[in-house]
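Descriptive analysis of the structure
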Amino acid sequence: MDALEPADTEAVEALPPPPPVIPPNVIPMKVTNTKPKRVPMARPSLGRKGNALPLLTNHFRVTPTKGDSYFFHYNVSLFYEDGKPIDGKGIGRRVIDKVHQTYDTELDRKDFAYDGEKSLFTIGALPQNNFEFTVVLDDISSNRVSTNGSPGGNDSPGEVDRKRLRRPYQSKTFKVEISFAAKIPMQSIANALRGNDTENSQEALRVLDIILRQHAAKQGCLLVRQSFFNNDPRNFTDLGGGVFGCRGFHSSFRTTQGGLSLNIDVSTTMIVKPGPVVDFLLAHQNVRHPDDIDWSKAKRTLKNLRVKTKPSNTEFKIVGLSELPCNQQLFTLKQRNGKDGNGDGEVQTVEVTVYEYFVNYRHIELSYSATMPCINVGKPKRPTYFPVELCALVSLQRYTKSLSTLQRSSLVEKSRQKPQERMKVLTDALKSNNYDADPMFLACGVSINTHFTQVEARVLSAPKLKVGNGEDFFPRNGRWNFNNKKLVEPIKIERWAVVNFSARCDIQKLCRDIIRCGEQKGVFIDQPFDVFEENSQWRRAPPAVRVEKMFEQMQSKLPGAPQFLLCILSERKNSDIYGPWKRKNLSEFGVVTQCIAPTARINDQYLTNVLLKINAKLGGMNSLLAVEQSPSIPLISKIPTIILGMDVSHGSPGQSDVPSIAAVVSSRQWPLISRYRASVRTQSPKMEMMDSLFKPVSDEEDKGIIRELLLDFYTSSGKRKPDQIIIFRDGVSESQFTQVLNIELDQIIEACKFLDQKWNPKFTVIVAQKNHHTKFFQPGSPDNVPPGTVIDTKVCHPRNNDFYMCAHAGMIGTTRPTHYHVLHDEIGFSADDLQELVHSLSYVYQRSTTAISVVAPICYAHLAAAQISQFIKFEEMSETSSGHGGVTAAGPIPVQALPELHKNVSSSMFFC
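Note that this is a predicted model, so its numbers are computed, not measured. (Residues numbered from 1 in each chain as written. Predicted model: local features only at pLDDT ≥ 70, side-chain atom pairs only at ≥ 80, totals over all residues. Heavy atoms only, no water.)

Attention now moves to the packing of helix H6 (residues 277-285) against helix H7 (residues 295-302). It is the contact of H6 with H7, at a shortest axis distance of 11 Å, that shows an interaxial angle of 110 degrees. Classified by the interaxial angle, the pair formed by H6 and H7 is roughly perpendicular. On H7, the residues touching Val-277, Phe-280, Leu-281, His-284 and Gln-285 of H6 are Trp-295, Lys-297, Ala-298, Thr-301 and Leu-302. When the residues that make up the contact of H6 with H7 are grouped by side-chain class, the tally is 6 nonpolar, 3 polar and 1 charged. (Axes fitted to C-alpha atoms, helices over the stretch in contact; angles between N-to-C directions. Helix = DSSP H or I, 4+ residues; strand = E, 2+ residues; numbered from the N terminus. Parallel < 35°, antiparallel > 145°, perpendicular 65-115°, else oblique. Contact = heavy atoms within 4.5 Å. Nonpolar A, V, L, I, M, F, W, Y, C, P; charged D, E, K, R; others polar.)

Laid out in structure tokens, this is it:
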């Protein structure tokens, strides 16, 4: 071969210059290093294991659309008569409706699907590609549209519109430009059903969803993405604090193995309590008398909410409050002095208070708002004031701030529905919406079946567990208990102490009961070294100070570091001591700690749950899967395998400056899959993709999460590198799947290569989703589906490798299955082996004696992120913070780095 090479080279050089167009089989040099983009894998096979169980699901079969027709997409531009564009969205629906009425013949009598903003769709083409129309709306005032606009949703008029519309000289004429943008074949939906998902098919489904939104908007619903809420007080439930839960419906089209379906589910959003502004403020601030209202707080709360004012019933947006009370706030009133009352005389100006104006000039009686600030609905430099009692909050205004613990628990309790009740509500909703009569659906041949779709599910057997003394244990109905049983690996606790932050509690009895209960479970606990009571003089000090003072007290008496500290808090939830206490212990002191807030009844069940957490945190195990001890887990027990659980936790709604927390937990001590540790980092607010998985700071050093976890696996698993890496990722939507595969997975691969260039582990990537609207029902039974139920047919994706699993026993409400998407699988699991693994990982959660609804590694990642987010919750953001690469329009957002965990606790299950 060597002898031929020069001849080949000469032959190439003798050829004429290449043609300017690159032949189709030649790849230009500059793209030779481009990696192919990973896409979600196709389903290799279906699962077979388990007992068959027929179920119903809230997907309603949709007959195929007219295959040979096209959706035509048109861009819409709306202008005022003076040529300035309309900024707000709410007016758009009214204008387009008027265009439809006025120019029906010019538009070939076609029906529209309009998204309320800049896109309009028709079935078949309009007579020409470009139109310019002028329309006049008869009743343009600052009143909100109740028939076609969405009350309180994304379609509400913008502030600019309302200001314009209130001007007496503002014309009621609008200019509308409609121009052709694209042609979308309806056939693309049929292609998607065959597994050929394209941009066209996504667009075609989007058009169908826009028709649903338009249908709801015409009924006066609040629109929140694909959920719709009617202004019906029967759907409202008071959550306290001036917040109502509003029940509505989610409706969206889905391509499934069984064809096109309409997924309908019950949905709930939070709204502001409608009615008098003062009533809302009293409830929101939890005060009894208007004199107790904190008006500086009220100003922040009320800003941008909409009110209707008496007596004109006109609607405005609140921009603020007056500086002075109603009976002191002056404004300039212009009046004409005319003889005989004809008002043609000179204009005179007079300074009057808002109170005087309404009482003396408008003859409106004001009973309680004279000494309160006025509501300002004007412009920054030209305020318009109304007395508070003449303002009522409009219904269906979303409440977007985070709920308190009490409100959240009230929402959960009041929005629960048993399976049969939910089925009836959904059937009624489908009938009342009468989608088949919608002109757009009629035009594109869409007919929606009113019967729940039947699916064939399988119920997997619960995995066998190992408990203490080598005993086998078989969970029943997704549950087990430790009555007369010992923990599989109990810890001996010799050095511990109790810390009491001013909670009323019989500590001596509590200690006796914990020691007694521990002995029954095999956990031998010595008497505590001491009980440290908080000094009463520090009870009102800031939380961090209270923690420091407690530590000073402890360190003066303790002979050395204890194994763990039992911390007693007076508040059951949201204690402000919790964050600083955890930070001090886990970051500085290097001691795991268990916090409790004892209620009146501390029974053995409560103590057992506390002991399960303590034992896991200190390195013990409560129960194991029998297959871990065999070891006989398919594909995992034979080859070193690490399991990762990944989650990103974001701040509360409205907190744009709070860093997001990225947490990854990893299995350790292979072949176990029950023992985990965590690594946590901050990243830019609201950023979903993790950016700290691989963080090279030099040619030799990587400060990323993955290296830390791989090294721990290596040292805890007998110096073995994992040849297989299974990744469970939580909290990403279908639109982000390719980012998980091409951004996060790339970082993990780079972290592996950074450790050893020759090392090529195999990867399996699985996304878990809880935030979806597919539910399953047992026909003719009031019960939820049994634990272990798995569905991978009919309502699953036509091409992708996904399945639904209900691993847990739904004791209340309707079970929400977890939707697992297998995006990538180099390990080569069969459908049965992977579903069995996911099912088993729902039984290794050490904090409870029940199967959980999503795999334990994801739950642990969520717990680790939540606990460590408390480290920074009570601190001001550091000015000298470290950036993690998040970007906004203004550039990267610097975020505060978390304090590192102490080496004594970094590999523990401190989050348990």
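Bringing unusual backbone geometry into the picture now. Residues Lys-310 and Pro-311 are joined by a peptide bond in cis, for which omega reads -5 degrees. When you line up the elements, Pro-311 lands in the loop between strand S13 (306-309) and strand S14 (314-317). Cis geometry marks the peptide bond from Trp-670 to Pro-671; its omega dihedral reads 15 degrees. With respect to the helices, strands and loops of the structure, Pro-671 is situated in the loop between strand S30 (660-667) and strand S31 (676-683).

If you trace the backbone, Ser-637 turns up in the loop between helix H16 (626-629) and strand S29 (641-649). Classification of Ser-637 as buried rests on a relative accessible area of 6%. A distance of 3.3 Å separates a polar side-chain atom of Ser-637 from the backbone nitrogen of Ser-632. A distance of 2.6 Å separates the side chain of Ser-637 from the backbone nitrogen of Ile-633, its partner in a polar contact. When residues no more than four places from it in sequence are discounted, the contact partners of Ser-637 are Val-627, Pro-631, Ser-632, Trp-670 and Pro-671. (Buried < 20%, exposed > 50% of the residue type's maximum accessible area, 1.4 Å probe, protein only. Polar contact = N/O pair within 3.5 Å; in protein donor to acceptor, adjacent residues only side chain to side chain.)

Our focus in this paragraph is the nonpolar core. The biggest cluster of nonpolar side chains holds 115 residues, and the ones touching the most others in it are Tyr-860 and Phe-911. For this core, the element with the most residues is helix H20 (residues 856-873), which contributes 11 residues. Sequence-distant contacts of Tyr-860, defined by excluding residues within four places in its chain, comprise Val-665, Tyr-676, Val-844, Tyr-845, Gln-846, Met-909, Phe-911 and Cys-912. Core analysis: the second largest hydrophobic core is formed by 39 residues, Leu-239, Leu-390, Tyr-399 and Leu-411 among them. (Core = buried A, V, L, I, M, F, W, Y, C linked by side-chain atoms within 4.5 Å.)

Moving on, we get to the pairing of strand S11 (residues 259-272). In terms of burial, S11 is a largely internal element, 13 of the 14 residues being buried. Looking at chain direction, strand S1 (residues 51-62) and S11 are connected through 3 bridges and run antiparallel. Bridge pairing in S11 places Phe-60 opposite Leu-262. Adjacent in sequence and paired antiparallel, strand S10 (residues 243-256) and S11 are bridged by 2 residues. (Pairing = 2+ DSSP bridges.)

We now examine the environment of Pro-787. On the secondary structure map, Pro-787 appears in the loop between strand S34 (776-777) and strand S35 (789-791). Contact partners of Pro-787, with chain neighbours within four places excluded, come to Val-459, Leu-460, Asn-477, Gly-478, Cys-806, Ala-807, His-808 and Ala-809.

Moving on, we get to the environment of Val-767. Relative to the helices and strands, Val-767 resides in strand S33 (residues 762-769). Along the sequence, Val-767 and Leu-823 sit 56 residues apart, while their C-alpha atoms lie 7.3 Å from each other. Residue contacts for Val-767: discarding those within four places in its chain leaves Arg-729, Val-732, Phe-737, His-819, Tyr-820, His-821 and Leu-823.

Across the sheet, which stays open at both edges, the 3 strands sit in the order S15-S18-S19 with antiparallel pairing between neighbours. The open sheet has two free edges, formed respectively by strand S15 (320-325) and strand S19 (385-386), since each of these has just one partner strand. Packed on one face of the sheet, H7 meets S15 and strand S18 (373-376) and runs near 155 degrees to S15.

A separate point is the packing of helix H17 (residues 705-716) against helix H18 (residues 737-755). Two quantities define a packed helix pair, namely the angle between the helix axes and the distance between the axes. At a minimum axis separation of 9 Å, H17 and H18 run at an interaxial angle of 55 degrees. Comparing their axes, H18 and H17 come out oblique. Pair H17 / H18 crosses with right-handed handedness. Contacts from Ile-706, Arg-707, Leu-710 and Leu-711 of H17 reach H18 at Ile-748, Ala-751, Cys-752, Phe-754 and Leu-755. Of the residues contributing to the contact of H17 with H18, the split by class is 8 nonpolar, no polar and 1 charged. (Left-handed = near helix turned anticlockwise from the far one by under 90°.)

Here 4 strands make up an open sheet; going across it, the order is S12-S20-S13-S14 and the pairing antiparallel. Taken across any chain shown, the strands that pair with only one partner, and hence form the sheet edges, are strand S12 (275-276) and S14. As judged from the 3 bridges shared by S13 and strand S20 (residues 391-393), these two strands associate in the antiparallel manner. Pairing of Lys-308 across the sheet is with Ala-392, part of S20.

Attention shifts here to the pattern of salt bridges. Per the stated rule, a full pass over the model turns up 32 salt bridges. In this structure, Arg-458 engages Asp-792 in a salt bridge whose closest nitrogen and oxygen atoms are separated by 3.2 Å. Here Arg-458 is found in strand S21 (residues 448-459), whereas its partner Asp-792 is found in the loop between S35 and strand S36 (801-806), with 334 residues between them in sequence. Asp-792 carries the same exposure label as Arg-458, and that label is buried. In this structure, a network of salt bridges that share partners links the residues Arg-668, Arg-677, Arg-681, Glu-708 and Asp-712. (Salt bridge = Lys/Arg side-chain N within 4 Å of Asp/Glu carboxyl O.)

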